[in-house]
Structures are given as structure tokens and as C-alpha cells.
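Residue-level structural notes
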Amino acid sequence: MKKVLAVLMAATMVFSLAACGGGSGDETTAAQTTAAADDGADDTAAADDGAAGDFVADVNGDGKIIVGYISKNLTDPFHGPINASAEEKIEQLKTDGIIDDWTGVLDGNTDGPTQIDRAQDCISQGCDYVIILPAEAEASDPAVVQLAEAGIHVIVVNSKTNSTDDLAMLYSGSDDVQAGEIMGNYIIEQCPDGGKYVHCNGILGNSAQIQRTEGIKNTLGADSKFEMVADEDTQWKGDLAANAATNAMAQYGEELVAIVCDNDDMSSAAQTACNSAGRTDIVCIGVDGNETPLQMIKDGELGATVYQNGVGQLGAAIDAMVETIENNAAPAEKEIMVDFVLVTSENVDEYLK
């Protein structure tokens, strides 16, 4: 229809020029106008087609699909299995010919500026997709921004940065508010009379720390029988959590009933400190479900953990990425959520390898 209208308009111009006594030069102009109208109609149709499918898997247009992987770190017990799974799965994609190459596991060193540097490495290597596990919500955000501005499809896994919802192609993780609420409700169940408790934080500003704190406030913070006597900046570290537990036991004695931790490195260390002091009655709980706390639960040295399926988060993200490559289309959903699970002695064998 656009082409027909364009031709009719051009024809009208030809007749108008003829009526005015136009010569051969005018006829040439009319013919050019008709051709231009046809071209314009084609361009409009092409633009319409582009609007219907702007997503292109091969963002660099070089006929290759290259994937970048920026880890949070290479050392902690939670991220080790995720990195190993990434290496196995992405290498298999290369073997199967679904992708052409990848960067290998790049060390984010639990540091925002380092992750920004790794993002620049991915850009310089011509990546079409980059999977990133952020160290911090704010400090790691420029990495996501720079990758997105370079036209790269960004896949954020495990925790969000400030612009993840706006700029990332996909987020795969878990609801950390849910994790905080599971911990809080477990303590309420185990300590029905209430009492004083300590909160051991992850790195302040990390999205998991922020949201798990929210979940703790929704439960323990809303129960008048409980009082938070210390909100410690323990930075995910077991030794700092153990120190916090020791100090709290000395200061509050029998009134201290629980230590709620943002991860299991801290909860297992805090519980060990309590047990060593003869305070096995103190309830310590954290998030992740690493091997150490699971074994402690099995051995009766720790009551519970909140299991986070980090490998499952990554696997779901990679599956979604493959779908976009094969279909050359954006993912159907921008967010994948994997539920947390409370693990106690009743179900620990399901999770302990």
C-alpha cells in the first residue's frame, strides 16, 4: 500500500510538470522522484520489520558469538561451584557449536572496580553476551552500564546492580527478602520466648545484604519479643562473625538467643564460637547451604541453613541465553527466580553431597 501511494504521488507530479511544459529534464526529475518514493517505501517497510525484531544475537555482526564471564571471585565456597559449572556448561556450548568462543572465568575479586576492568576486557574481546555476578550493587554497576552501552547482552546472576532492571537482558537469581524472612521465622520458631539477637551483615551495599536485612526486619524486627543488640559490619567473613558472637556472649550472657547471618561462612563460624563457649543453645543461621554448614547440620552442630541454588541460577541463565541465540530473539522473561529452601536435619541429606 505504501508503494502504491508513493507511485500515485509521483505520477501526479509528472502530470503537473507536463502541464507546465516541462522538458526532458523535468521527466528525469519525475522518474527520480518515483524511484525515491519506492526506495522510501522500502526503507519504511524495513524500519517496520526492524521494530518488530530489534534483537540480534550477533551484536558485532562478525558472524561469531562470543561470551564473557565475570565472576564475583574465585575463592569463596559459594561461588566456587558456580564458576566450575560455568566453565563446564560454556565449554560445552563451544564444543556443540552454539557459541564460537568465550573469555574463560574472569576474576572479579569481590571488587567493583576490578569488575569494571573485566567488563572492558569483554568489550575489547568483542563479546556478544556477558554473564556477570556482581560484587556490589553500586560499585559494580558501571560494569553493567558500560557493557550495555557497548550493545552487549548483559546477563546478571545471583545479585543485582542498581541498573540491572533497566539495562540487563536478563537477571537470574533468588528473592533475598525471602531468605531473610526464612531466617527470621526460623529463629522465632526456635526461640518462642524471644530475646536479644545479633545481625552479621554481608558487604554493605550488596543487593543480597540489603534485601536479606529487609527480610530480617520483616520478621524479627516486627516481633516485639526480640531485640537486635548489634548490627555488625562483618563483610561476609567468618572470623568477623565469630568475633561478634564472642563479644555478644560476653556482653549479654543468657539474654542472647540468636545470631542471624547474611551468609553461611559467618553462621558456621559464629555457631562454632558459641558451641566452643558452651552456648549450644544460641541459634545461628545463615544463607547459602555450603558444604561446611550442611555437614554441621548433619553432625548436630548447627540447626539450619537457607539453601541458595547458585548453580541453578547460573544454569537457568545459560539456558535462557542459548534460547536467545538459537531464536535470535530476546528472552520471553527478563527475570528468573529460584526459590530458597530451609535445610534442617530433616532434609539435609537431600543437599549434602
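Remember, predicted model here, so these are calculated numbers, not experimental data.

1. Quick word on the environment of Ala320
Secondary-structure assignment places Ala320 in helix H12 (residues 310–327). Exposure remark for Ala320: the relative accessible area of 12% places this residue in the buried category. If we skip the residues at most four places from it in the chain, Ala320 touches Leu170 and Ile336.

2. Here we look at helix H11 (residues 291–298)
Along H11, the residues that are buried comprise Pro293, Leu294, Met296 and Ile297. In an axial view of H11, the angular spread of the buried residues amounts to 160°, which keeps them on one side of the axis. Lining the buried residues of H11 we find helix H10 (264–276), strand S11 (305–307) and strand S13 (341–343).

3. What to know about the sheet that holds strand S6 (residues 195–200)
If you walk across this open sheet you meet the 4 strands as S7-S6-S8-S9, and the pairing is parallel. Of all the strands in the sheet, the pair left with one neighbour each is strand S7 (226–232) and strand S9 (283–285). Neighbour to neighbour, the strand axes of the sheet diverge by 20° on average, direction disregarded. Judged from the 6 bridges that link them, S6 and S7 form a sheet pairing that is parallel.

4. Examining the confidence of the model for the chain
Low-confidence regions, as indicated by low pLDDT, have predicted coordinates that should not be scrutinised in detail. Residue-level pLDDT values for the chain average 88, and 85% of them are 70 or greater. With pLDDT under 50 throughout, residues 1–52 is counted as low confidence; its partners more than four residues away or in other chains account for 14 contacts.

5. With respect to the pattern of salt bridges
Per the counting criterion, the structure on display carries 9 salt bridges. The shortest N-O distance in the salt bridge between Glu227 and Lys196 comes to 2.7 Å. Highlighted residues: Glu227 in strand S7 and Lys196 in strand S6, separated in sequence by 31 residues. Overall, Glu227 belongs to the partly exposed group, its relative accessible area being 40%. Using a relative accessible area of 15% as the deciding quantity, one classes Lys196 as buried. One continuous salt-bridge network, built from bridges that share partners, spans Lys160, Asp165 and Glu335.

6. Overview of the packing of aromatic side chains
On inspection of all chains with the given rule, the structure shows 1 aromatic pair. The interplanar angle of 45° and the centroid separation of 4.8 Å between the aromatic rings of Tyr307 and Tyr351 together place this pair among those described as tilted. Placement of Tyr307 in strand S11 and of Tyr351 in the segment after S13 is noted, with a sequence separation of 44 residues between them. Between the NZ or CZ atom of Lys160 and the centre of the ring of Tyr171, over which it lies, the distance is 5.0 Å.

The rules behind each value
Within every chain, residues take consecutive numbers counted from 1 along the sequence as written. Per-residue local features are limited, in this predicted model, to residues with pLDDT of at least 70; the limit for side-chain atom pairs, both in listing and counting, is 80 or more; totals at the level of whole chains, interfaces and linings are taken over all residues. Hydrogens are left out, water is left out, and the side-chain values use all remaining heavy atoms of the structure. Helix and strand definitions here come from DSSP, where helices need a minimum of 4 consecutive H or I residues and strands a minimum of 2 consecutive E residues; each element is numbered from the N-terminal end. Type-normalised accessible area, obtained with a 1.4 Å probe on protein chains alone, sets the label of each residue: buried when under 20%, exposed when over 50%, and partly exposed for intermediate values. The criterion used for residue contact is that any of the two residues' heavy atoms lie within 4.5 Å. As used here, the arc is the angular range of directions from the helix axis to the C-beta atoms. One bridge is not enough; two strands pair if DSSP finds at least two bridges between them. Only the contacting stretch of a helix is used when fitting its axis, a line to C-alpha atoms as for every element, and angles between N-to-C directions run 0 to 180 degrees. Values of pLDDT, the confidence the predictor places in each residue, fall between 0 and 100. Salt-bridge detection follows one rule: a side-chain nitrogen of Lys or Arg within 4 Å of a carboxyl oxygen of Asp or Glu. Working definition: rings of Phe, Tyr and Trp (its six-membered ring) pair if their centres are within 6.5 Å, and the pair is stacked with planes under 30 degrees apart, edge-to-face with planes over 60 apart, and tilted otherwise. Criterion for a charge above a ring: Arg CZ or Lys NZ at most 6 Å from the ring centre, at most 35 degrees from the ring normal.

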